[in-house]
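Examining the three-dimensional arrangement
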Amino acid sequence: MGRRALKRIDKNLDYAWHLLEFEQLPEQCTSQTLFGNDAPLEFEIGSGKGLFMRSASGARPEHNFLGVEISFSYARHSAARLAQCERTNARMLAGCGQRLLREYVPDDSLEAVHVYFPDPWWKKRHHKRRVLNEAFLLQAVRTLRPGGRVHFWTDVQEYYDATLELIAEKTPLEGPFDVPPTPAEHDLDYRTHFERRTRLADKPVYRAEFAKPEPTGRG
Ligand SMILES: C[S@@+](CC[C@H](N)C(=O)[O-])C[C@H]1O[C@@H](n2cnc3c(N)ncnc32)[C@H](O)[C@@H]1O
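Everything numeric in this text was worked out from a predicted model, so none of it was measured.

1. Considering the overall build of the chain
Looking only at helices and strands, one finds seven helices and eight strands in the chain. Here the C-alpha atoms of the chain give a radius of gyration of 17 Å, agreeing with the 17 Å that 2.2 N^0.38 yields for 219 residues. Projected onto the principal axes, the alpha-carbon positions of the chain cover approximately 60 × 45 × 35 Å. At a minimum sequence separation of 6, the contacts of the chain that also span at least 24 residues come to 77%. Carbon and sulfur atoms form 49% of the exposed surface of the chain, whose accessible area is close to 11,900 Å². Considering the chain, the positive charge centre built from 32 side chains and the negative charge centre built from 31 side chains are found 7 Å apart.

What follows is the structure in structure tokens.
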């Protein structure tokens, strides 16, 4: 991704609680171990500059949010913005979202997994580096609660089509459910910075949502 310099963080801002690294994680990441309550827990993988984390945690104070960003400087920037907004229901992890799901998240525990505009890895031989690969999707299925949702938006039609095909072939997820676009009412009224950039350039955004099936009744 073309990366602009990030704004300097106020040196008096204390964002230590908002920024986690793997060494600080509890053995099992749950709302209880990360936030000390039992609110529904949503993850965002690849938060970038953290617009989704800020707006979603403000709009849904009754949910908890953990954003995961592999670039330390972006994770720190997002954590600082959450601290500035005094969010008590949102934290950032600087690290790999695939590792987080695989190693630290109990079965059937998440309300939602959000992946917005993941790096496209255009060349076919690099597709295995994509965040939305089969192993990650199966971890999302394992860790979501029944009825929990995967949200996936991208501006890359080939990534969108390939992921929908992978989900249909390899996972029990139900969907895709349509996600209609909503008009932006102010300059930051977009799901993420990449959505803003794509829509302002008049390019299409491909959006889908999937649900983990509820268990079927006995007999
Ligand atoms: C194209 S940017 C999109 C950022 C943001 N979601 C948006 O829509 O504005 C993709 C982001 O995913 C991050 N990323 C890539 N692989 C990752 C991984 N395995 N775990 C966590 N973050 C990852 C990148 O560092 C980058 O910030």
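2. Some remarks on the UniProt feature "binding site: S-adenosyl-L-methionine" (unreviewed entry) in the chain
Here, UniProt's "binding site: S-adenosyl-L-methionine" (unreviewed entry) annotation points to Glu44, Glu69 and Asp119. These annotated residues cover 76 residues of sequence, and their C-alpha atoms lie no more than 14.1 Å from one another, placing them together at a single site. Tracing the backbone through its elements, the reader meets Glu69 in strand 3 (residues 64-69). Among the polar contacts listed, one links the side chain of Glu69 to the backbone nitrogen of Ser71, at a separation of 2.9 Å.

3. Structural notes on helix 6 (residues 157-170)
End to end, helix 6 covers 20 Å across 14 residues, agreeing with the expected 20 Å (1.5 Å per residue, within 8%). Those residues of helix 6 that sit buried are Tyr159, Tyr160, Thr163, Leu164 and Ile167. The buried residues of helix 6 occupy an angular sector of 130° when projected down its axis, which confines them to one face. Exposed and facing more than 90 degrees away from the buried side of helix 6 are Glu165, Ala168 and Glu169. On its buried face, helix 6 sits against helix 5 (134-143), strand 6 (144-154), strand 7 (174-177) and strand 8 (206-211).

4. A word on helix 3 (residues 72-84)
In this model, helix 3 (13 residues) spans 18 Å end to end at C-alpha, consistent with the 18 Å of a helix rising 1.5 Å per residue. Those residues of helix 3 that fall on the buried side of the exposure criterion are Tyr74, Ala75, His77, Ser78, Ala79, Ala80, Leu82 and Ala83. Buried residues in helix 3 make contact with strand 1 (19-21), helix 2 (51-59), strand 3 and strand 4 (90-94). The positive-phi residue at the C-terminal boundary of helix 3 is Glu86, with phi of around 55°.

5. Details of the pairing of strand 2 (residues 41-45)
Remember that side chains alternate between the two faces of the sheet whenever the strand is regular. By the criterion of burial, strand 2 is predominantly enclosed, with five of the five residues buried. A crossover links strand 2 with its parallel partner strand 3, the connecting element being helix 2, and its sense is right-handed. The pairing of strand 2 with strand 5 (residues 110-116) spans four bridges and is classified as parallel. The partner of Glu42 across the bridge, within strand 5, is Ala112.

6. Topic: the side chain of Asn64
Along the chain, Asn64 turns up in strand 3. For Asn64, a relative accessible area of 2% gives the class buried. Engagement of the side chain of Asn64 in a polar contact is seen with the side chain of Asn37, the distance being 2.7 Å. Apart from residues no more than four positions distant in its own chain, Asn64 is found in contact with Ser31, Phe35, Asn37, Ala39, Pro40, Leu41, Glu42 and Asn89.

7. A few points about the pattern of salt bridges
One pass over the full model with this rule turns up eleven salt bridges. Notably, a salt bridge pairs Asp108 with Lys212, separated by 2.7 Å at the nearest N-O pair. Highlighted residues: Asp108 in the loop between helix 4 (97-104) and strand 5 and Lys212 in the segment after strand 8, separated in sequence by 104 residues. Take Lys212: its relative accessible area is 11%, and that puts it in the buried class. Between Glu111 and Arg145 there is a salt bridge; the shortest N-O distance is 2.8 Å. One end of the pair, Glu111, is in strand 5; the other, Arg145, is in strand 6, and 34 residues separate them in sequence. Residue Arg145 is classed as partly exposed on the basis of its relative accessible area of 29%. One network of salt bridges, with partners in common, ties together Arg99, Arg102 and Glu103.

8. Here we look at the packing of helix 4 against helix 5
Where helix 4 meets helix 5, the axes come as close as 10 Å, and the angle between the chain directions of the two elements is 45°. Our classification of the angle between helix 4 and helix 5 gives oblique. Helix-helix and strand crossings are classified by hand; for helix 4 and helix 5 the assignment is left-handed. Facing helix 4, whose interface residues are Gly97, Gln98, Leu101 and Arg102, helix 5 presents Phe136, Gln139, Ala140, Arg142 and Thr143.

What counts as what
- Residues numbered from 1 in each chain as written.
- Predicted model: local features only at pLDDT ≥ 70, side-chain atom pairs only at ≥ 80, totals over all residues.
- Heavy atoms only, no water.
- Helix = DSSP H or I, 4+ residues; strand = E, 2+ residues; numbered from the N terminus.
- Rg over C-alpha atoms; globule rule 2.2 N^0.38 Å.
- Contact = heavy atoms within 4.5 Å.
- Areas by Shrake-Rupley, 256 points an atom, 1.4 Å probe, with all protein chains shown as cover.
- Lys, Arg positive; Asp, Glu negative; His and termini not counted.
- Charge placed at Lys NZ, Arg CZ, Asp CG, Glu CD.
- UniProt positions renumbered as here; feature names shortened; annotations may be inferred.
- Polar contact = N/O pair within 3.5 Å; in protein donor to acceptor, adjacent residues only side chain to side chain.
- Expected span 1.5 Å × (residues − 1).
- Buried < 20%, exposed > 50% of the residue type's maximum accessible area, 1.4 Å probe, protein only.
- Arc of directions from axis to C-beta.
- Right-handed = clockwise from strand over helix to strand, strands pointing away.
- Pairing = 2+ DSSP bridges.
- Salt bridge = Lys/Arg side-chain N within 4 Å of Asp/Glu carboxyl O.
- Axes fitted to C-alpha atoms, helices over the stretch in contact; angles between N-to-C directions.
- Parallel < 35°, antiparallel > 145°, perpendicular 65-115°, else oblique.
- Left-handed = near helix turned anticlockwise from the far one by under 90°.

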